[in-house]
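Observations on the three-dimensional arrangement
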Amino acid sequence: MTSSAALLETAFSPDLPGDPLPPGPRENRWPGEPVEISGTAATAIHRLWRARGHHPRADGTPTTIPRRAVPSAGGSYPVQWHLVVPSGHARPLGPGRYVYQPSAETLIRRSEARGPGPAPDHVEIVLTVQPGRTFGRYRHRAWPLWVADAAYALEALLLLIPDAYLPEDWSDLAAARRALGLPRAAQAAWWLERGLVPEIALARIRLPLDPHLDEVASAAICSRRSPALDRFHERRGQIPGTPPGAEAARQSGQSWVLGAGHVIGWPRPPRLDVTGYARLWHVHREAARHTYALTARGHGVRAVSGFCTRPMAAQPLVHAIAILENGTTT
């Protein structure tokens, strides 16, 4: 975690990210055999990550960025979904390592299914991120955003499959790589030789032998939409006194937060060592749970990321959610 800790500390620098860089592909095209979406795990992944139209521009015309049930910082959507089925599990998918390909809305059974380390003894879903998706836009601020996006995906999955659980080493990067039989993202040559871009394996979710899908939770999360920024801008002048989101807006540099009816913020860990990294996961997982619970009650919720060190910040923030009570989402 030494290099990761250094990158995490850099992530909160007030330096601006600079001009955008090419973000790379939205997904890897893994060599392998397409298989039908079947079973609880694959169905849950498909529902959370299939495209539901596209994000709109300010004038209402569609962009090229797909909308998904799980939110993502800046619409980057770096999360990739892998499914590992060990030997002895023949239903409904045979043993192997699978990856969800959202453009085709299907699973790919990886042809290169063997790699460093054995497959786990349990069915597992492994979340990775393609770092270029976020780094291209946010540069040094990317690490907390990768964790945030993965945490929102993880919590959504735990709601859809309530008997899924996290192994003790669920956020250990090396354990996640071993489960997938993949090298570190820094070993770029391995990836490029196979026509792939690197992925960082972040977290593992373990499934019991016969998991079930919560249809109520699925319907609630899959219908979720973040309120459009215009909704917040429209309310900015209607809030008397100091807006609830004043400090979050100042620390994040995002003025739209001033239109929120309520803001919940989480302080940044004082040190971003191994303990601080675990705290980042805790913060973003808690924010995700709040978001899905509030959305289910009809409120509009939009995540606020990209915080940096600001002068006179008594409590530096790492993440926040901006809420429109019973807000109409678009």
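This one's a predicted model, so the numbers in the text were calculated from it and none came from an experiment. Every residue gets a number counted from 1 within its own chain, in the order that chain's sequence is written. Restriction of local features to residues with pLDDT of at least 70 applies here, the model being predicted, together with a cutoff of 80 or more for giving and counting side-chain atom pairs; totals for whole chains, interfaces and linings are based on all residues. Note that the side-chain values use all heavy atoms of the structure and ignore hydrogens as well as water.

Categorising residues by exposure relies on relative accessible area from a 1.4 Å probe, with only protein chains included: less than 20% of the type maximum marks a residue as buried, more than 50% marks it as exposed, and the intermediate range marks it as partly exposed. For helices the rule is a DSSP run of H or I covering at least 4 residues; for strands it is a run of E covering at least 2, with both sets numbered from the N terminus onward. Buried residues dominate strand β4 (residues 79–85), accounting for 7 of its 7 residues. Burial of the side chains of β4 extends over both faces: Val79, Trp81, Leu83 and Val85 are buried on one face and Gln80, His82 and Val84 on the other. In the sheet, β4 pairs with strand β7 (residues 124–129) via 6 bridges, with the strands oriented antiparallel. Following the sheet pairing, Gln80 is matched in β7 by Thr128. In this scheme, strands are said to pair when DSSP sees at least two bridges between them. As defined by bridge partners, β4 adjoins strand β5 (residues 96–101) across 4 bridges and the pair is classed as antiparallel.

What follows is about the sheet that holds strand β10 (residues 300–304). Pairing is antiparallel in the open sheet, where 3 strands are placed in the order β9-β11-β10. With partners counted over all chains shown, the strands left at the sheet margins are β9 (262–267) and β10, one partner each. Between one strand axis and the next, the sheet turns through 15° on average, direction left out of account. Here 5 bridges tie β10 to strand β11 (residues 317–324), and the two strands are oriented antiparallel to one another. Within β11, the residue paired with Arg302 across the bridge is Ala322. To define axes, lines are fitted to C-alpha atoms, for helices over the stretch in contact only, and angles between the resulting N-to-C directions are given on a 0 to 180 degree scale.

Another aspect to go through is the pattern of salt bridges. The term salt bridge refers to a pairing of a side-chain nitrogen on Lys or Arg with a carboxyl oxygen on Asp or Glu at a separation within 4 Å. Scanning the model with the defined rule gives 10 salt bridges in all. As a salt-bridge pair, Arg47 and Glu215 come within 2.8 Å of each other at their nearest N and O atoms. Residue Arg47 is found in helix α2 (residues 40–49), and its partner Glu215 is found in helix α7 (residues 215–222); the two are separated by 168 residues along the sequence. Residue Glu155 pairs with Arg289 through a salt bridge whose shortest N-O separation is 3.1 Å. Of this pair, Glu155 sits in helix α4 (residues 142–160) while Arg289 sits in helix α10 (residues 274–296); the two residues are 134 residues apart in sequence, bridging distant segments of the chain. Of the residues examined, Glu155 reaches a relative accessible area of 5% and is grouped as buried. Because the salt bridges share partners, they merge into one network encompassing Glu124, Asp169, Arg204 and Arg206.

One can find Arg97 in strand β5. Positive charges come from Lys and Arg alone, negative charges from Asp and Glu alone, with His and the N- and C-terminal ends not counted. One buried charged residue, Arg97, forms no salt bridge at all, with the nearest opposite charge on Glu124 at 8.9 Å. Two N or O atoms count as a polar contact when they lie within 3.5 Å, although within protein this holds only if one can serve as hydrogen donor and the other as acceptor, and sequence-adjacent residues are included solely when both atoms are side-chain atoms. A polar side-chain atom of Arg97 sits 3.2 Å from the main-chain carbonyl oxygen of Leu180.

Attention now moves to the sheet that holds β7. Backbone-to-backbone hydrogen bonds join strands into a sheet, with any given pair of strands oriented parallel or antiparallel. Sheet architecture is open: 6 strands sit in the order β1-β6-β5-β4-β7-β8, paired in antiparallel fashion. Looking along the sheet, the strands with just one partner apiece sit at the ends: β1 (32–35) and β8 (200–206). Going from strand to strand, the sheet's axes swing by 30° on average, the running direction of each strand aside. Contacts between α2 and the sheet are confined to β4, β5, β6 (106–110) and β7, with β4 contributing the most and set at about 175° to the helix. Residue contacts follow a heavy-atom distance rule, with two residues in contact if any of their heavy atoms lie within 4.5 Å. Strands β4, β7 and β8 of the sheet are contacted by α4, whose axis makes an angle of about 20° with β8.

A few words now on the packing of α4 against α7. Between α4 and α7, the shortest axis-to-axis distance is 8 Å and the interhelical angle comes to 145°. Of α7, the residues touching α4 (which contributes Ala156, Leu159 and Leu160) are Ala217, Ser218 and Ile221.

In this section: the side chain of His284. Note that His284 resides in helix α10. On the accessibility criterion, His284 (1% relative accessible area) is buried. There is a polar contact of 2.8 Å between the side chain of His284 and the backbone oxygen of Leu280. Look past the residues within four positions of His284 in its chain and what remains in contact with it is Pro144, Val147, Ala148, Ala151, Tyr152, Val318 and His319.

Time to look at the nonpolar core. What we call a nonpolar core is a set of buried Ala, Val, Leu, Ile, Met, Phe, Trp, Tyr and Cys residues that are connected through their side-chain atoms within 4.5 Å. Leu48, Trp81, Leu83, Leu202 and Trp281 are the most contacted members of the largest nonpolar core, which has 63 residues in total. Sorting elements by how many residues they give to this core places α4 first, with 13 residues.

Below, the discussion takes up the packing of aromatic side chains. Any two of the Phe, Tyr and Trp rings considered here, Trp counted by its six-membered ring, make a pair once their centres fall within 6.5 Å; the pair's planes then place it as stacked at under 30 degrees, edge-to-face at over 60, or tilted in between. Per the counting criterion, the structure on display carries 9 aromatic pairs. Ring geometry for Trp170 versus Trp281: centroids 5.1 Å apart, planes at 80°, classification edge-to-face. Of this pair, Trp170 sits in the loop between α4 and α5 (173–180) while Trp281 sits in helix α10, and the two are 111 residues apart along the sequence. Note on Phe232 and Trp256: the rings are 4.8 Å apart at their centroids and 65° apart in plane angle, and the pair reads as edge-to-face. Separated by 24 residues along the polypeptide, Phe232 in helix α8 (residues 229–235) and Trp256 in the loop between α9 (246–252) and β9 bring together distant segments of the chain. Under the relative-accessibility criterion, Trp256 is labelled buried at 7%. Members of the aromatic cluster, connected to one another through ring pairs, are Trp30, Trp190 and Trp191. Between the NZ or CZ atom of Arg68 and the centre of the ring of Tyr77, over which it lies, the distance is 5.5 Å. Its end group placed over the ring of Trp170, Arg285 keeps NZ or CZ at 5.2 Å from the ring centre. Here, a charge over a ring is recorded when the distance from Lys NZ or Arg CZ to the ring centre is within 6 Å and its angle to the ring normal is within 35 degrees.

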